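Listed below, chain by chain, are the residues.
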Amino acid sequence: HALRASNDEAGRIEAKRRTADPLIFDRMRRENAEIDTVEAKARATEMADLRAENARLRMKTSRPPGPLMLGHNGGPRMNAKALYVKAVDHHLRTGETQFQGRSLSDITKGAGLEGKAALHNGPTSGGGLGNVLVIPEQDYGPIDKLLQQYVPMRQFVNVRQITTQVFNKPIRTSTGGAQWGAELDAGGATDVPKYDLLSFPAQDLYAQPAVSQDVLEDSQYDLQQEIAEGSIEDFAVAEALAFTSGDGNGKPFGFLGYAAGNYVDQGSWAWGKIGFRKTGLAGSFAAFNAAAGIGSADVILQLQYDLLQMYRQQARWMVNRGTIGKMRILKDALGNYMWIDRSVVQGTPQMFDGREIIENEQMPDIAANSLSVALADWNQCYQIVDRVGFSVLRDPYSAFPQVVFKTRKRVGGGIKNWKAIKLLKFAA
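Residues numbered from 1 in each chain as written. Predicted model: local features only at pLDDT ≥ 70, side-chain atom pairs only at ≥ 80, totals over all residues. Heavy atoms only, no water.

(A) Quick look at the sheet that holds strand 15 (residues 355–359). Ordered by their spatial adjacency, 8 strands build an open sheet running 10-11-19-16-12-15-14-13, and the pairing between neighbours is mixed. Whereas interior strands pair on both sides, the edge strands pair on one side only; in this sheet they are strand 10 (263–265) and strand 13 (339–340). The pairing of strand 12 (residues 316–319) with strand 15 spans 3 bridges and is parallel. Bridge pairing in strand 15 places Trp317 opposite Ile357. (Pairing = 2+ DSSP bridges. Helix = DSSP H or I, 4+ residues; strand = E, 2+ residues; numbered from the N terminus.)

(B) Quick peek at the environment of Ala427. With respect to the helices and strands, Ala427 occurs in the segment after strand 19 (421–425). When the C-alpha positions of Ala427 and Gly280 are compared, they lie 5.7 Å apart, and in sequence the two are 147 residues distant. Leave out the neighbours within four places in its chain, and Ala427 touches Lys278, Thr279, Gly280, Leu281, Ala282 and Asn369. (Contact = heavy atoms within 4.5 Å.)

(C) Main features of the pattern of salt bridges. Scanning the model with the defined rule gives 9 salt bridges in all. Close ionic contact of Arg154 with Asp386 constitutes a salt bridge, the shortest N to O distance being 2.9 Å. Of this pair, Arg154 sits in the loop between helix 5 (141–150) and strand 5 (158–161) while Asp386 is found in strand 17 (residues 382–395), placing the two residues 232 residues apart along the sequence. For Asp386, a relative accessible area of 8% corresponds to the buried category. Linking Lys409 and Glu239 is a salt bridge whose minimum nitrogen-to-oxygen distance equals 3.0 Å. On the criterion of sequence distance, the pair formed by Lys409 in strand 18 (residues 402–415) and Glu239 in helix 7 (residues 223–245) is long-range, its members being 170 residues apart. (Salt bridge = Lys/Arg side-chain N within 4 Å of Asp/Glu carboxyl O. Buried < 20%, exposed > 50% of the residue type's maximum accessible area, 1.4 Å probe, protein only.)

(D) Seen up close, the side chain of Asn262. For Asn262, the position within the fold is in the loop between helix 7 and strand 10. A polar contact of 2.9 Å, which involves the side chain of Asn262, links it to the backbone oxygen of Gly272. (Polar contact = N/O pair within 3.5 Å; in protein donor to acceptor, adjacent residues only side chain to side chain.)

(E) Structural detail: the packing of aromatic side chains. Per the stated rule, a full pass over the model turns up 7 aromatic pairs. In this structure, Lys331 packs its charged tip against the face of Phe288, placed 5.0 Å from the ring centre. (Phe/Tyr/Trp six-rings, centres within 6.5 Å; stacked < 30°, edge-to-face > 60°. Lys NZ or Arg CZ within 6 Å of the ring centre and 35° of its normal.)

(F) Summary view of the environment of Gln304. Secondary-structure assignment places Gln304 in the loop between helix 8 (298–303) and helix 9 (309–312). Here Gln304 falls in the buried class, since its relative accessible area comes to 3%. Remark: the alpha-carbon pair of Gln304 and Ala376, spanning 72 residues in sequence, is separated by 9.1 Å. Filtering out sequence-adjacent residues up to four positions away, Gln304 remains in contact with Arg312, Trp317, Asp353, Arg355 and Leu375. Within the structure, the side chain of Gln304 is placed 2.8 Å from the side chain of Asp353, a separation counted as a polar contact.

Nothing here speaks to function; it is all geometry.
So, in structure tokens, the structure goes:
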């Protein structure tokens, strides 16, 4: 409310003096900064709570099964999985592939995890043979939730687990159409439906968390969890950037990462292109002008109707923090603010003109010719493919006395429906 009051006061002074008041704009800048600080603290608290819950769930799921009611144990299956958890922890701490007289591969099979986990020889940076541990994906349910908090797109786009290196998806880009005709008349031929085959290859993503040998020998904490959380932020930052602006060269294609020719004015849109609408000013929204009936939010409101109705219903905005600060004070032609703050009590997110805002720090700042506002039905627009969860290579040599756990996962992504996304270009 204070920010809106300052903005209204600035508008009145500007209209009266025909020049901007620097003091008012400095106050607006400070109020925006205060709002950002409050939201940052809220996000930090939420992340801390999520980490604590994640740790609690991991401790619970990895705890060996104890005696149940009436004196019965957990059964052979549960005991086999408990043995597997202990064997994996032993391998991560010591590098040994034998546990209680059995190989880790045999223990893995006994736990019913073959195909989900394996231990095999592979090269290490030390030049010899090491052991690559493929940790079962189902062990990381809570971490998948944590990854979604870091990579906002994972919460809204289509995510698919694949079992091959490339996920191919056929898309019908147009129908053949239909025509009217009498029952016995020989009607003319209709058009032939058109199809496109999209490919989403899984790319390799690496991180290398390190743990000291002393900690491995002495600590009783959950080592699987520590390794995963040591990599999760690195993976998340790399994923968020790639899903937004990746160029497809050894990484996923981001929706802003295609060649320049793939971004066209909405009037020239065709399949394989992303349509945009210009703001009319380089690096800025239009100025509010009540006398002329011009709202500063007019162009962003018009952008919604560049989307077909079937995609508009579930469409969400995607912008970065700096753009949010500018969108907060946009008005329609009648002088009404279009921003709606989120309500913790009611459980509603922050919204603009009734549509949810997805905050993505990898979106570009507003500048001349920037594509800083995206509007899409993200589930229909973008595809993420996950091939393999975490695989871990234990390397005790290259950073001695640290033990480096070279973690890897395979993930891909790209546009799957070019009709379901529109962009705002800050250009004249």
